Amino acid sequence: MRAWKVGIEVEAKVVSYTDKHQFLVDTSKEKNPFVQSVAGAEVISVFRRRTSTSHKGDGNPLIYALKRMFKFQISAEQIVGFMPNLRFILGRLMAHRTYDLIVALPSSHPIASGLARRAGRFQPATPISYGFFAKCSNSEVAEALRNLISNGQIPKTNRRDITSLIHTLSSSPDAPFKLKEVENQLRCFTFPFKINENLNVQGLSVLVVDDLLSSGTSIQTASRLLIASGANKVSALCLLSSLDKGRLWDDVIRDQK
């Protein structure tokens, strides 16, 4: 099966794919999934993101196109192009991991829920929850940040930026909190999700599914809430990895034998 490259037509901001090279996302079967760690939790990504001298920062055109953000586009035909590799890679990882529950993180885009559904096909007896978590409102996040400041849990170097963030959030208190609009260095102080569904997770091994690994805040928050609710172990699955270092799947499996 061919691997696909994400290329960018800068002026039109159209994501295109070709089988000649791979620049920003490695979608090959040979080098995926990609394994990283967030606060001690295993995070497995279907596709590995790669750094490029022509593309700075943490954002990725593929995820932007899938979410229809910043005028990036992707056709159904292009999505179908990498689906065989996605299914193959999911099959590899689900054959070596067993979960009691799969939980999709909330999002205005169906990427995480769709990925959770596809992963669940390889373990049909495992239930999938699409509503265990709900997004916090801006006012809830702002109040939590105020409490951190009051308790001296915000470093002095971050207090001005956190105070500015509180002010921004307070201008639209009822809106759902959007983690992607917060600078990476401040995300670790926020709590983007809360438990929404009365579901017994006592003693369970839970797979949390998100679209993109970036700062790791979403996964850390989900893991903390699940462990506090009695889960025995929390792992994570993402469509795209972060740009941080990690391990190839074959190396992880070999070391576990």
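All of the points below concern the structure found in this document. (Residues numbered from 1 in each chain as written. Predicted model: local features only at pLDDT ≥ 70, side-chain atom pairs only at ≥ 80, totals over all residues. Heavy atoms only, no water.)

**Remarks on the overall build of the protein**
Here is the rule: Numbering of helices and strands runs from the N terminus, with a helix taken as a DSSP run of H or I at least four residues long and a strand as a DSSP run of E at least two residues long. Partly exposed residues are those whose accessible area sits between 20% and 50% of the maximum for their type, while under 20% is buried and over 50% is exposed, using a 1.4 Å probe and protein chains only. Note on contacts: a residue pair is in contact if any heavy atoms of the two residues lie within 4.5 Å.
Helices and strands together make up the secondary structure of the protein, namely eight helices and 12 strands. Residues counted as buried form 49% of the 257 residues belonging to the protein. For the protein, the proportion of contacts with a sequence separation of at least 24, taken over those separated by at least 6, is 77%.

**Description of the pairing of strand E6 (residues 101-104)**
Keep this limit in mind: Whether two strands pair depends on DSSP finding at least two bridges between them. Viewed with both strands pointing away, a crossover whose connecting path from the first strand over the helix to the second turns clockwise is right-handed.
Burial along E6 is two-sided: the face carrying Leu 101 and Val 103 and the face carrying Ile 102 and Ala 104 are both buried. Where E6 lies against strand E10 (residues 205-212), four bridges are found, and the strand directions are parallel. When the bridges of E10 are listed, Val 103 appears paired with Val 208. Relative to strand E7 (residues 128-129), E6 runs parallel, the two being bridged by two bridges. Considered in E7, the bridge of Ile 102 is made with Ile 128. For the segment spanning E6, helix H3 (residues 111-120) and E7, crossover handedness is right-handed.

**What to know about the pattern of salt bridges**
What counts is decided by this rule: Think of a salt bridge as a Lys or Arg side-chain nitrogen and an Asp or Glu carboxyl oxygen that are within 4 Å of each other.
Applying the stated criterion across every chain yields a total of six salt bridges. Residues Asp 250 and Arg 92 are paired through a salt bridge, measuring 2.4 Å at the closest nitrogen-oxygen approach. Pair noted here: Asp 250 is in helix H8 (residues 249-256) and Arg 92 is in helix H2 (residues 76-96), with a separation of 158 residues, a long-range link. Linking Arg 146 and Glu 143 is a salt bridge whose minimum nitrogen-to-oxygen distance equals 3.3 Å. With Arg 146 and Glu 143 both in helix H4 (residues 138-150) and three residues apart, the pair spans about one turn of that helix. With a relative accessible area of 39%, Glu 143 lands in the partly exposed category.

**Some words on helix H7 (residues 217-228)**
Rule in force here: Here a helix's expected span is defined as the number of its residues, less one, multiplied by 1.5 Å.
The end-to-end C-alpha distance of H7, which contains 12 residues, comes to 16 Å, matching closely the 16 Å that a straight helix rising 1.5 Å per residue would cover. Where H7 ends, the next residue or the one after it, Gly 230, has phi of about 110°, a positive value.

**Looking at the nonpolar core**
Under the convention used in this document: Nonpolar cores were defined as sets of buried Ala, Val, Leu, Ile, Met, Phe, Trp, Tyr and Cys residues, with membership established by side-chain atoms within 4.5 Å.
In this structure, Val 46, Phe 47, Leu 90, Leu 237, Leu 239 and Leu 240 are the most contacted members of the largest nonpolar core, which totals 34 residues. For this core, the secondary structure elements donating two or more residues are strand E5 (41-49), helix H1 (61-66), H2, E6, H3, E10, strand E11 (233-240) and H8. Looking at this core element by element, the count peaks at seven residues for H2. Excluding residues within four positions of it along the chain, Leu 237 makes contact with Ile 44, Val 46, Leu 90, Leu 93, Leu 115, Ala 119, Leu 207, Val 208, Val 209 and Asp 210.

**Some points on the packing of aromatic side chains**
In plain terms, the rule: Pairing of aromatic side chains requires ring centres within 6.5 Å, counting the rings of Phe and Tyr and the six-membered ring of Trp. Pairs whose planes differ by under 30 degrees are stacked, by over 60 edge-to-face, and all others tilted. The rule for a charge over a ring is simple: NZ of Lys or CZ of Arg within 6 Å of the ring centre, and within 35 degrees of the ring normal.
Evaluated as defined, the whole model comprises three aromatic pairs. A ring pair is formed by Phe 132 and Phe 133, whose centres lie 4.8 Å apart and whose planes are at 90°; its orientation type is edge-to-face. Its relative accessible area of 1% is what places Phe 132 among the buried residues. For Phe 133, a relative accessible area of 2% gives the class buried. Ring geometry for Phe 133 and Phe 193: centres 6.2 Å apart, planes at 40°, overall tilted. On the criterion of sequence distance, the pair formed by Phe 133 in strand E8 (residues 133-135) and Phe 193 in strand E9 (residues 193-195) is long-range, its members being 60 residues apart. Note on accessibility: Phe 133 and Phe 193 belong to one class, buried. In this structure an aromatic cluster arises from ring pairing among Phe 132, Phe 133 and Phe 193. Geometry around Phe 88 places Lys 29 over its ring, the cationic atom sitting 4.7 Å from the centre.

**Observations concerning the pairing of E11**
Judged by how many residues are buried, E11 sits mostly within the fold: seven of eight residues are covered. As judged from the four bridges shared by E5 and E11, these two strands associate in the parallel manner. In the sheet register, Ile 44 faces E11, and the bridge partner there is Leu 237. Relative to E11, E10 runs parallel, the two sharing seven bridges. Bridge assignment links Val 206 to a residue of E11, and that residue is Val 234.

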